[in-house]
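Observations on the three-dimensional arrangement
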Amino acid sequence: MRVFVTGATGFIGSAVAAAFARAGHETYGLTRNASRAARLEAEEIVPVEGTMEEADAWRSVAERCPVLVHCAVEYSERTWDLHRAALGALRDAGRDRAGRVLLATSGVWVYGDTGDAAVDESSPLDPPTHVAPRPAVDAAVLSWNGGGFRTIVIRPGCVYGGAGSLTASWFETASKNGAARVIGDGTNRWAMVHRDDLADLYVRAAESGLGGEVLNATDRSRATVLECATAASLAAGAGGRVEHVPVEQAVAAMGPYATCLALNQHVDSWKAVRRLGWTPRHGGFVDGAVRLHAAWRASSAGTR
Ligand SMILES: NC(=O)c1ccc[n+]([C@@H]2O[C@H](COP(=O)([O-])OP(=O)(O)OC[C@H]3O[C@@H](n4cnc5c(N)ncnc54)[C@H](OP(=O)(O)O)[C@@H]3O)[C@@H](O)[C@H]2O)c1
């Protein structure tokens, strides 16, 4: 199949695009930056230059691709407008053509603080301010399902592996300051998933007949944030030292995003296991901390 991935150079999108390419699909990846095109080509992904806001640059490519995957994000005041614009353009490229599927990346933060009882895709949403517009974006995507056009919303937990995304800050702070920084007391748990397991879920979802569905993507690891940060600190040579930043102080410095890092979440992904035969193969951040630290260090070597 031909596959078009927005955000193909990003943390999630690069793993997703590579997984499609490895599964034998002809994969096209959007990037704003011509200098990143070579990175895509090295993964056997055809680079397509353009932006979310100017779909004219990539519409004709998307129209030729039965699988459309949205992994791009711009962290700015226009984040949600750009999500709506890109998803709308992908919808227009896909619907009215039989046998197309749109996979849209969401996230588990929309469930809010779940406490220790697991939530699943049928649970009510309680998004913190930082992701408040996301449920409406997800609902719009699901409403487009039908008439031969399948739409699926994927909600990854905090994604680890490679350069690390959110988990990178534990390695960074441990390396630079001698202690891994944690927002709050760290007794909370993040729902997590390794990015290669996540990428495998996208491929399975695209190849399935599923449509009009939300799929959570989390592994079964249940370590606390403090346990993860301690493991990261040990791996980074900081002796397991952890520095706690009170949530209010973190919000003052980082904005409402910080409250997401203090969420306590338990998110069930049994639906993907049952419906797609998806089995996360990675055992969690703590198990892989030494290897993950080496991957983070190698990934960031060129940028430090
Ligand atoms: N990381 C996580 O742990 C996590 C967990 C759950 C959900 N999510 C969600 O997953 C999605 C992807 O996150 P990520 O962590 O992979 O993000 P990321 O690493 O920051 O990647 C963002 C990608 O978007 C592209 N991009 C940025 N602005 C663009 C624009 N104006 N037009 C076109 N492309 C643009 C960038 O490509 P170029 O710079 O090459 O153009 C890059 O490939 C987001 O919606 C995020 O909220 C992430």
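Quick note: structure is the one above.
Structure report, in brief. (Residues numbered from 1 in each chain as written. Predicted model: local features only at pLDDT ≥ 70, side-chain atom pairs only at ≥ 80, totals over all residues. Heavy atoms only, no water.)

Here we have 7 strands laid out as an open sheet, ordered E3-E2-E1-E4-E5-E6-E10, and parallel in their pairing. Only two strands of the sheet have a single neighbouring strand rather than two, namely strand E3 (46-49) and strand E10 (213-217). The mean angle between the axes of side-by-side strands here comes to 20 degrees, regardless of whether they run parallel or antiparallel. Sitting on the sheet, helix H4 (residues 79-94) touches strand E1 (2-6), strand E4 (67-70), strand E5 (100-105) and strand E6 (149-156), and the angle it makes with E4 is about 175 degrees. (Pairing = 2+ DSSP bridges. Helix = DSSP H or I, 4+ residues; strand = E, 2+ residues; numbered from the N terminus. Axes fitted to C-alpha atoms, helices over the stretch in contact; angles between N-to-C directions. Contact = heavy atoms within 4.5 Å.)

Another aspect to go through is the packing of aromatic side chains. Here the structure, examined in full by the defined rule, presents 7 aromatic pairs. Measuring from ring centre to ring centre gives 5.0 Å for Trp170 and Trp190, while their planes differ by 20 degrees; the resulting arrangement is stacked. One end of the pair, Trp170, is in helix H6 (residues 168-177); the other, Trp190, is in the loop between strand E8 (180-183) and strand E9 (192-194), and 20 residues separate them in sequence. This pair shows no difference in class: Trp170 is buried, exactly as Trp190 is. Taken together, Tyr160, Trp170, Phe171, Trp190, Phe285 and Trp296 form an aromatic cluster joined through their ring pairs. Lying across the ring of Trp144, Arg91 places its NZ or CZ 4.8 Å from the centre. (Phe/Tyr/Trp six-rings, centres within 6.5 Å; stacked < 30°, edge-to-face > 60°. Buried < 20%, exposed > 50% of the residue type's maximum accessible area, 1.4 Å probe, protein only. Lys NZ or Arg CZ within 6 Å of the ring centre and 35° of its normal.)

Among the nonpolar cores identified, the biggest contains 60 residues, and Phe4, Trp58, Leu68, Leu102, Trp170, Met192 and Phe285 are the most heavily contacted of them. Discounting chain neighbours no more than four positions away, the residues touching Trp170 are Ala180, Arg181, Val182, Trp190, Met192, Val225, Cys228, Ala229, Ala232 and Phe285. Core analysis: the second largest hydrophobic core is formed by 36 residues, Val193, Ala199, Tyr202 and Ala272 among them. (Core = buried A, V, L, I, M, F, W, Y, C linked by side-chain atoms within 4.5 Å.)

That's the geometry; what it means functionally is another story.
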